Amino acid sequence: MKDMPRIDICETIRKIEFPVEVWEWLDLFGNVVGITQREAMYQERAFMADTPFKKILLCAINKDLSTLNTIYILLRCELIHQASSHVRLLCESLITLKYISLESQSRSALFWGYADIEAYDISSSLLEWDGSTANPKHVEGVSSFRESISEKYEKTKGTYTFVDKKGRGRPFHNWCNKSMFVQALECGPSFQRLYKLIYRQMSSYIHGTAWSLRRQVSYSRDHYQPNVILNDIASIVRTASAVWVEWAKFCVEILNWRLSDKIMELPAMIEELEERHFPGKNL
């Protein structure tokens, strides 16, 4: 273990070279990430997470900031599939936040309460998976944890149960028992558009569809095609920026963040790059 080599991430990133056109897209998104981080740091000074909904906002936005960073870093490493999956994560987080905000008090309670259900289900799955093969001390620890929350679980699970068409009690499949599609539908037209045009498209990368693999060879050393990389990175930046615009609007509406000017500028900046790099072509 002492002589095990350590991967130098910074050096790895430095070795990846991009044409000027690709850098323009990366710099555009990097600027968005930087502006968002600075605004978050400014707003954090006076923000008090003194309600369940505000606690959700604090935790979710902090996670979303790391997701934005991750998208940028993955693009810098030409990890297109992985960057795409995080665009979907950002989109999903935004839809959930918006959905909760529509009835913030009751839905915040449901959201946090479901943690007890998840904890019990996860510990049960662990015991089922490796209860007979894992280290006995580990199994004993998980078993003790499940036992410690079993009473709370029994009291809580009724809240997250529904009666199906046959009159049988069924557990919720998530905290609100509504799919991401239904949540987006209830959030309004702009969120329906996000789901249809972004969430579905990015899901193809997560599920490894044939469409998502169509240009993978172009990233190999022997068949590297800069034009493909430009097209893919531009598409991810464009898509991530579309999610960010709605995310920023939400922060302006709910938290009075000072991002309105950037929201107005970004679409025009993207359009200018598209016209210059892809004249007469849709990404």
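Everything here concerns the structure above.
Keep in mind the model is a prediction, meaning the values are calculated, not measured. (Residues numbered from 1 in each chain as written. Predicted model: local features only at pLDDT ≥ 70, side-chain atom pairs only at ≥ 80, totals over all residues. Heavy atoms only, no water.)

Asker: It is not clear to me how the pattern of salt bridges should be interpreted in this structure. Could you clarify?
Answerer: If the charged atoms of two oppositely charged side chains come close together, the side chains can form a pair. Counting across every chain of the model gives 16 salt bridges. We note a salt bridge from Asp50 to Lys54, for which the minimum N-O separation is 3.4 Å. The class for Asp50 is exposed, based on a relative accessible area of 53%. Residue Glu186 is joined to Lys178 by a salt bridge in which the shortest nitrogen-to-oxygen separation is 2.8 Å. Here Glu186 falls in the partly exposed class, since its relative accessible area comes to 35%. Linked through salt bridges whose partners overlap, the residues forming this network are Glu103, Arg107, Lys178 and Glu186. (Salt bridge = Lys/Arg side-chain N within 4 Å of Asp/Glu carboxyl O. Buried < 20%, exposed > 50% of the residue type's maximum accessible area, 1.4 Å probe, protein only.)

Asker: Help me understand helix H2 (residues 20-44), please; the structure alone is not making it clear to me.
Answerer: An α-helical turn contains 3.6 residues, so any two residues separated by three or four positions project in the same direction. Given a rise of 1.5 Å per residue, 25 residues ought to cover 36 Å, and the 36 Å separating the end C-alpha atoms of H2 matches this to within 8%. What H2 keeps buried is the set Val22, Trp25, Leu26, Leu28, Phe29, Val32, Val33, Gly34, Thr36, Glu39, Ala40 and Gln43. Summarising the contacts, the buried residues of H2 are in contact with helix H3 (52-76), helix H9 (226-255) and helix H10 (260-277). (Helix = DSSP H or I, 4+ residues; strand = E, 2+ residues; numbered from the N terminus. Expected span 1.5 Å × (residues − 1). Contact = heavy atoms within 4.5 Å.)

Asker: How should I be thinking about the packing of aromatic side chains in this particular structure?
Answerer: In this description, an aromatic ring pair is defined by two values, namely the gap between the centres and the angle between the planes. Counted by the stated rule, this structure contains 11 aromatic pairs. Ring geometry for Phe18 against Trp23: centres 5.7 Å apart, planes inclined by 90°, an arrangement best described as edge-to-face. Classification of Phe18 by relative accessible area gives buried; the value is 10%. When the centroid spacing of 3.8 Å and the interplanar angle of 10° are considered together, the rings of Tyr120 and Tyr153 count as stacked. Taken together, the residues span a long stretch of sequence, with Tyr120 in helix H5 (residues 104-130) and Tyr153 in helix H6 (residues 136-156) at a distance of 33 residues. Here Tyr120 falls in the buried class, since its relative accessible area comes to 17%. Here Tyr153 falls in the buried class, since its relative accessible area comes to 14%. Linked through ring pairs, Tyr99, Phe111, Trp112 and Trp175 together constitute an aromatic cluster. Geometry around Tyr99 places Arg107 over its ring, the cationic atom sitting 3.8 Å from the centre. (Phe/Tyr/Trp six-rings, centres within 6.5 Å; stacked < 30°, edge-to-face > 60°. Lys NZ or Arg CZ within 6 Å of the ring centre and 35° of its normal.)

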